[in-house]
Structures are given as structure tokens and as C-alpha cells.
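Residues per chain, in single letters:
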Amino acid sequence: MRTLVLGLLMLLVSTQVPAQLTIQITGGAEGALPIALVPFRVENGVPAPPEEMITIIRDDLYRTGLLQPLPRKDLIAHPATLEEVNFQNWRVLGVDNLVVGALASDPDSGYHGYQVSFELLDVYKANRLTGKRYRVRPDALRTLGHTISDIIFQSLFGRPGGFNTQIAYVEIERNADQPVHKLIVADADGHNPQVILTSKAPIMSPAWSPDRQRIGYVSFENGRSEVYVQEVASGKRRTVASFNGINSAPAWSPQGNRLALTLSKDGNPEIYILDLASESLRQITHNSSIDTEPVWTPNGQQIIFTSDRGGSPQIYRLPSAGGKAERLTFEGSYNARPTLSPDGRLLALVHREDGKFKIAVLDLQTRLTRVLTDGPLDESPSFAPNGATLLYSSVLGGKSELATVSIYGRAHERLGVFNNAVQEPTWSPL
């Protein structure tokens, strides 16, 4: 039961630990590449699209903190193709790249769709980096916008953008009788939410499988914590951990064949590795403290977890085969909820500072910590597949929200403010 374990961790008395340099990010997106995104031209006689594609693309790219879109009011022209662009004028604005495009009708499609074309241009070389043409239904324009964002990001940075991925989170609908807990899957920008599980009992700790086909989570529907694995498409599920005591914090191995779990079946909360095929179980921590919230390194050779073995909640690392644990965090009396970037270089966590819970990132090579959010109740960081953005949940002014923050600066965006409580968001892999 992750909430119970975290509650126990937060009540523990802190101890003196070695100092570690922490930087507070105060704003901006320093070093972001300037890019101009021109609204796609809607050709004469074409019905206005239900959503403006350039807004979808702009939001995707801005969230990464790697690109700084030119404000719309500063656009000096509205070309739709390379041939219409006066590159000298755009160079004066200091933008490195330019995105143009158009929407035309697609009478041969049979579903009153659009022909969509776009081009990514290098302003200083005055050439075309990439571009494509699509045929698409009106209800698929948002998905196509994310696809175009992926192509732009890949072309500029040489790695996938992951804008067509998904997120999962728990929403709690409170009423006069009994709260209703919902496990929800949505697009990466928060749109198109779909409920895949509804329960009157708490649902916690959702975790995507590497193939995005399954989600592991904790449910209390049988009166105690149990770990389930559910197929996203079919809803078919099975119980994988239902031992006496706490069954909590499932984390998938990179190959998707094992789960790291927190179990207290022998009395103390420890970390175990469960083989999903054979159902064999192996304990890897042996300590009188609370060990919880395991995550795998990308190569599967190590487990990073939260423990109070030093007197306060901190982050540790040990071999996935078991062995000696190494402490990773030293700044402050509370660091928990670890999550790793896809390349394994950065560790995101919840860091308590001045009585507020904030999202921070620790560089595992330099050991430099950067605090990215203001709090006061920010939790559950989760990396985007591109490694540039963090998703998290927050409570501000009594309202729950999902938000993103860039690890490179402070490109911050709300994905939604909810009347109900939302918690424990997690970003799917590619």
C-alpha cells in the first residue's frame, strides 16, 4: 500500500547528511531553439477543421523545453509552402526553423476528410529538412498533429518525440455515499480520456508495461492491497500479488517479463522481484527499514528505490540480483518517488524544500540536483519517452491538476485542472 508506506516515511525523523548542490530553476527556457510555426492555410472552400493543427504542434514542442515557438503576433507572413517563404525576412527574427503547411479537401477519400501537407524548413540554409502529405479524417487531425510533432522533433534532435504516446492516472470522484476511483488512460496531452477500471475501493500505483499493452496497479477491491496486471485494450486482468500484508508499487522490468514489488508478507516492507511467467519470487532487500517504490534502470541490472534506512526517506540503488545498496540523494530530509529518464542519466523525484513538496531532477553523473517546480504538493513525476519533459500531479488552491515541466528550463504547462482529485500519473513508453 504505497500511501501507507509513504505516510510512514514522511513521519520519520530526519538525520544530518552530507551536503549536495541544488539549483532552483526560476523561469524561462534558456538555450531552446527558436522556431516559427505558421498556422496551416485552409484552402478556399474547405470546411474549417475542428481543431487548429498548429496549436497542437506548438504545445507538443513547447513542452519539451528544447524549442521556443515564436509568438503568433510576431509572425511576419503566412506562407504555406517553401516557395512562398522569404527566408531573409525570417532570419531577421532570429528563428532557426520554420514550419508551414496547408489543409485541402480530399473528395476521393469517401469520408469528407482533408489532405494535409507540412514542411519543416531550415531558415539559414533556405532549404527543406523534411515534409509529408497525408489524407486524414476530421476526427484524426489531433493524432496527425502529434505525428507531425514527432517528425519535427526527430528531424531536429535525432530521437523520437513520443507525442503520440499515452498517460495513465487515477481520478477520485467524491460523492455523498462513497468515493469512486477510476483508472484513466488518455493521450499524452491529456485529451481523449478513457476509463479502463472503476472501483469503489482505492486504485494506486499504475505502471505501464514496456510494450504499452498492459498496466500494473494496486487495488483494494477485496479489502486489502493486491497487485493486478490488466490488458489495456481488452480489460482482461489477473492478480499477481496477493500476499498477507502490503502488496504495492509494481514496476516493470525493461523486458516486461518481471515486476519489482514492495511486499511485507514476512513482516517488513521489502523489495521483491516477481517472474510473471513462473510466478517465482525473489527478495532483494533485507533491512529493518521501509524499502519501497522500486524502479528499474534501462539495462535491467539495477533497482532504484526509496528507503528510510538512513533515518529519513532517501533514494538508493542496488543490483537487481541483490547486494549492497548505494545512497543517491543527500540534499534535504525527504526525497522519494524516484523515476528514471529513458537513457538512465537523470533521476526525477519528489523533494521537500521549505515544507513544500516539489519535483526535482538529479543528474546521476554530476550529482547536481535541480528543483523544477514550486509546490506545495507536487507528486508522482514521470518522464516522457523523449526524456525532455516530466509529467506530475499537483494540488494548488484546493484544485487537482496534471502538469508538465521541462527538465531543460521551465517550460511549464497544465494538462488540465480537475474538479475531482487526480493522482499518480504515469507516461507510457514509445
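Note that the structure is a prediction, hence the values are computed from the model and not measured.

Conventions and cut-offs
- Residues numbered from 1 in each chain as written.
- Predicted model: local features only at pLDDT ≥ 70, side-chain atom pairs only at ≥ 80, totals over all residues.
- Heavy atoms only, no water.
- Helix = DSSP H or I, 4+ residues; strand = E, 2+ residues; numbered from the N terminus.
- Rg over C-alpha atoms; globule rule 2.2 N^0.38 Å.
- Contact = heavy atoms within 4.5 Å.
- Areas by Shrake-Rupley, 256 points an atom, 1.4 Å probe, with all protein chains shown as cover.
- Pairing = 2+ DSSP bridges.
- Axes fitted to C-alpha atoms, helices over the stretch in contact; angles between N-to-C directions.
- Buried < 20%, exposed > 50% of the residue type's maximum accessible area, 1.4 Å probe, protein only.
- Expected span 1.5 Å × (residues − 1).
- pLDDT = per-residue confidence, 0-100.
- Salt bridge = Lys/Arg side-chain N within 4 Å of Asp/Glu carboxyl O.

Draft legend 1. Here's a closer look at the overall build of the protein chain. Scanning the protein chain from N- to C-terminus turns up four helices and 31 strands. Taken over the C-alpha trace, the protein chain has a radius of gyration of 23 Å; the compact-globule value for 430 residues is 22 Å, and the two agree within 12%. Across the protein chain, the fraction of contacts at a sequence separation of at least 24, relative to all contacts at a separation of at least 6, is 47%. Counting only carbon and sulfur atoms, one obtains 49% of the accessible surface of the protein chain, whose full area is about 18,100 Å².

Draft legend 2. The sheet that holds strand E11 (residues 203-208), seen in detail. Read across the open sheet, the four strands follow the order E11-E12-E13-E14; overall the sheet is antiparallel. What marks the edges here is a single partner per strand, and that holds for E11 and strand E14 (237-241). Direction aside, the axes of adjacent strands within the sheet are offset by 25° on average. Judged from the four bridges that link them, strand E13 (residues 226-231) and E14 form a sheet pairing that is antiparallel.

Draft legend 3. Structural detail: helix H2 (residues 53-63). For H2, the tally of buried residues reaches eight of 11 residues, placing the bulk of the element in the interior. In the stretch just after H2, Gly65 is the one whose phi turns positive, near 75°.

Draft legend 4. Seen up close, the pairing of strand E10 (residues 194-199). Across five bridges, strand E9 (residues 180-187) lies against E10 in antiparallel orientation. Bridging across to E10, Lys182 finds its partner in Thr198. Once E9 ends, the chain turns through six residues before running back antiparallel as E10, passing Gly190 with a positive phi of about 90°.

Draft legend 5. Spatial organisation of the sheet that holds strand E16 (residues 258-263). Strands sit in the order E15-E16-E17-E18 across an open sheet of four strands; the sheet is antiparallel. Each having just a single partner strand, strand E15 (247-252) and strand E18 (281-283) make up the two edges of the open sheet. Recorded for the sheet is a direction-independent mean angle of 25° between the axes of neighbouring strands. Of the pairings in the sheet, the one linking E16 to strand E17 (residues 270-275) comprises six bridges and is antiparallel in character. Of the residues in E17, the one forming a bridge with Leu261 is Tyr272.

Draft legend 6. Just helix H4 (residues 141-157), in detail. Relative to the 24 Å expected for 17 residues at 1.5 Å per residue, H4 spans 24 Å between its end C-alpha atoms, a close match to the ideal helical length. On the buried face of H4, the contacting elements are strand E2 (33-37), H2, strand E5 (97-106), strand E6 (113-122), strand E7 (127-136) and E9. In the segment just after H4, Gly158 is the residue with positive phi, at about 75°.

Draft legend 7. Structural view of the confidence of the model for the protein chain. Per-residue pLDDT for the protein chain has a mean of 91; in total, 91% of the residues score no lower than 70. Of the regions scoring below 50 in pLDDT, residues 1-20 engages in 54 contacts with residues more than four places distant in sequence or in other chains.

Draft legend 8. Highlighting the pattern of salt bridges. This structure, assessed with the given rule, holds 25 salt bridges. A salt bridge links Asp343 to Arg345, with the shortest nitrogen-to-oxygen separation between them at 4.0 Å. According to the relative accessible area criterion, Asp343 is exposed, its value standing at 55%.

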